[in-house]
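# Descriptive structure summary
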Amino acid sequence: MSENYKFDTLSLHAGHIPDKETGSRAVPIYQTTSYVFNSTEEAASLYNMEVGGHLYTRISNPTVAALEQRLAALEGGASALACSSGMAAMHLVVSAICSSGDHIVASSKMYGANINLLQHTMPRFGVNTDFVNPNDPEAIKSAIKPNTKLVFGEVIGNPGLDIMDVPEIAKICNSKNIPLVLDATFNTPYLMQPFKHGANIIVHSLTKWLGGHGIAIGGAIVNGGNFDWGDKDKFPTISGPHFALGGISFWEEFGPSALIAKIRAEGMYNFGPSLSPTNAFHLMQGIETLPLRMKKHIENTHSILDFLVNHEMVEWVKHPDLETHPDHEVAKRILPKGSGSIVVFGIKGGREAGKAFIESVQLASHLANVGDAKTLLIHPGSTTHSHLSSEAMKEGGLTDDMIRLSVGLEDINDITKDFERGFKAVKKLNK
Amino acid sequence: MIINFKGAKTYLGTGGKSLDINKRTLCFLHGSGQNHLSFIQQARFFAYKGYSVIVPDMPAHGFSDGNPCKSIKENAEWINDLLVKLNLKDVVVIGHSQGCLVALELNRILKNSLEALIFVAGSNEIPVNQFLLDLSKENPQKASQMMVTWGHGIDGDMSINKWPGHSHYGEGNNIMCMNKPKALNCDLNSCNDYSDGIYAAKNIKVPALAVLARNDQMTPLKSGLKFVELIENCETHILDCGHFLPSERPMELNSIINSFLSKLK
Ligand SMILES: Cc1ncc(COP(=O)(O)O)c(C=O)c1O
């Protein structure tokens, strides 16, 4: 029967077939907290994880499950779990695998909250992280210690746009029997599927391009099913006995899906960052057009890069698809369709120029998000990092003239016209 | 649980409960290139229903070491020796696919002393085409992927799963990848070479149940229906799914098996 459906088809269909009773073509929103059991036996079998099914929406829900199964199909993973945000997904993974005394190797150039979680929060619970350059596989290799339980990074870093050489780093992790966990928010499975390059676990902020419309916060973990958790001393939380369910070993009983089973049985049970069914529906609506949107995001990004590179008011432009980017060769190899629609650039005139630009554009929205269908901008120097001196910003890899642009799907001429308005304001300022 | 059997590390799934030889034992036999994880949603289910459950990883499959058995007969002898070692007497054997052929041979060895036989997506013969036989030798990973995609019904393609968040393809591929590379080719050759099925099926004297799949491309329904005709009084059910019935229709399958078991003495 197999059709082996392709990516565009799976984006629309995976996870749902119309049911016989209602014929509903769209995925129904099961806006319910709980599910009536047909018998006490059925209830017990769900609680004991004897069979799959739904018992309480904090643990699973049919609408959320359709989203999870769509993501598993798009990434080519064994299983997936959707949760309330990208940060929740990240925390669920770290807390499922690591315990006090464990160590993580992570990229030093990541989204602020990813850094904060590992640098400030997890050490309070005895889990410490060494941060290394994401584009230096050798540095990653030498940072691995006997108690290292995972290597973490963003495929395309936010906001520096550093590219991880995923196949190289996966080889290192594989040889040390450590899972490679990647935040694949900026690439989405449309631009690159990390499991094909040897990664083991994917974390997504669905809030961004996957949802794509800036209307719902959500996150997901996709489990490659390609990691051997069998070392009970190293990964006792996955292969050793669990505190409930009769001391279950998730690895022995669920094999490739051990991690997701563990996270459902512990993370979702005890922390409870569940995704609302309505938001799961909204996110799935977004995924239906992911391939179309990503194509246009990339097309517009390449046009904007042309525009910015050649603009007299622009001091510098950074994007991995530009030959001037230090990771350009890696990007070409692992992200051949394009390396995302975030562009960072500096405006001549420093912090004040950035501020004037942001305040003068009309079409592009000034806000703290990325991956919307609409064009978004932020100037860290006058917002998130306004309390820092130019020198302090530089130390963090940022400059005070830097604008982060999330290229949207508008007509490209309207975007460039809008930017000209911003540059005009900067020119006035510089006079 | 892990035991040392015939000099090799051998894994037996027990559904999360310990083995109790005083209870009726359900012995699940996995199919070609599979392992105990084919029965994720059966092992715990029946262990928690009060049965003793064993789901052996055959040699070189899943967590078991050793060399893969080279024929259906060798597989059956291995299982027979295992049952003896574990001192299990009151045994119902449940085979899936190749596991059905092994069950047929085991019943012959045991001279109809099993309590019952349950065939899931089974037949008396499982011919394998030359292309897949060759591929399983040259590139077992590719062969596994093809089997996983052929084997599932539409639920595989559409990532529909009764188990929230799970993908039949992603999970199926990785389960097969856990085995030693040479296991699949040995399994497929064992199936292809097996020719005693008609005789074995005709001589079944114990209660028998068959659960077949309407859209089975590995052991087609037509072949399954011919098979059950050979068995005296085989209770037969057909479910609307592909070959991987234990994960495609876990609740329906469990419920059919459960009611069959409840009718046994
Ligand atoms: C790369 C990256 N990962 C994770 C997150 C966190 O996602 P969420 O806001 O859904 O928690 C973000 C948010 O900006 C991000 O950019």
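Residues numbered from 1 in each chain as written. Chains lettered and ligands numbered in written order. Predicted model: local features only at pLDDT ≥ 70, side-chain atom pairs only at ≥ 80, totals over all residues. Heavy atoms only, no water.

### Here we look at the overall build of chain B
For chain B, the count of helices and strands is twelve helices and eight strands. A compact globule built from 265 residues would reach a C-alpha radius of gyration of about 18 Å, and chain B, at 17 Å, matches this within 12%. Reported as C-alpha extents along the three principal axes, the dimensions of chain B are approximately 45 × 40 × 40 Å. Taking all 265 residues of chain B together, the buried fraction comes to 65%. Summarising the internal contacts of chain B: among those between residues at least 6 apart in sequence, 77% fall at separations of at least 24. A total of about 9,700 Å² of accessible surface is found on chain B, and carbon and sulfur atoms cover 51% of it. Averaging the locations of the 26 positively and 25 negatively charged side chains of chain B gives two centres separated by 5 Å. (Helix = DSSP H or I, 4+ residues; strand = E, 2+ residues; numbered from the N terminus. Rg over C-alpha atoms; globule rule 2.2 N^0.38 Å. Buried < 20%, exposed > 50% of the residue type's maximum accessible area, 1.4 Å probe, protein only. Contact = heavy atoms within 4.5 Å. Areas by Shrake-Rupley, 256 points an atom, 1.4 Å probe, with all protein chains shown as cover. Lys, Arg positive; Asp, Glu negative; His and termini not counted. Charge placed at Lys NZ, Arg CZ, Asp CG, Glu CD.)

### With respect to the site of the ligand
Residues and elements named next belong to chain A. Contacts to the ligand come from 14 residues, most closely from Gly86, Asp183, Ser205, Thr207 and Lys208. Contact between the ligand and Gly86: an oxygen atom at 2.8 Å from a main-chain N or O atom of the residue. At a separation of 2.8 Å, an oxygen atom of the ligand approaches a polar side-chain atom of Lys208. Isolated, the ligand exposes 400 Å² of accessible area, and the fraction of that covered by the protein chains is 90%. Across the shell around the ligand, the residue classes tally to three nonpolar, eight polar and three charged. (Near = heavy atom within 4 Å. Polar contact = N/O pair within 3.5 Å; in protein donor to acceptor, adjacent residues only side chain to side chain. Nonpolar A, V, L, I, M, F, W, Y, C, P; charged D, E, K, R; others polar.)

### Focus on the domain arrangement of chain A
All names here are of chain A. Domain annotation for chain A reports domain 1 (7-286) and domain 2 (290-430). Taken residue by residue, the interface counts 32 residues in domain 1 and 34 residues in domain 2. Between domain 1 and domain 2 the total buried area reaches about 2,700 Å² when both faces are included, carbon and sulfur atoms providing 64% of it. Among the residues of domain 1 in contact with domain 2, Tyr190, Leu191 and Trp209 are the three that bury the most area, contributing 29% of the side total. Our count for the domain 1 to domain 2 interface comes out at one salt bridge. The closest approach of N and O atoms between Arg333 and Asp165, which form a salt bridge, is 2.9 Å. At the boundary of domain 1 and domain 2, one finds 13 residue pairs in polar contact (both at pLDDT 80 or more). Of all the secondary structure elements, the ones that give two or more residues to the side of domain 1 that touches domain 2 are helix 1 (7-13), helix 7 (166-175) and helix 8 (188-191). (Domains from an automatic or database assignment. Buried area = accessible area lost by both parts, 1.4 Å probe. Salt bridge = Lys/Arg side-chain N within 4 Å of Asp/Glu carboxyl O.)

### Some remarks on the sheet that holds strand 11 (residues 376-378) of chain A
Residues and elements named next belong to chain A. The strand order across the open sheet formed by five strands is 8-9-12-11-10, and the pairing between neighbours is mixed. Two strands bound the open sheet, and with one partner strand each, they are strand 8 (314-318) and strand 10 (365-366). Pairing of strand 11 with strand 12 (residues 402-406) involves three bridges; the strand directions are antiparallel. Each residue of the ladder has a partner; that of Leu377, found in strand 12, is Leu405. Against the sheet, helix 15 (residues 350-360) contacts strand 9 (342-347), strand 10, strand 11 and strand 12, and its axis sits at roughly 125° relative to strand 9. (Pairing = 2+ DSSP bridges. Axes fitted to C-alpha atoms, helices over the stretch in contact; angles between N-to-C directions.)

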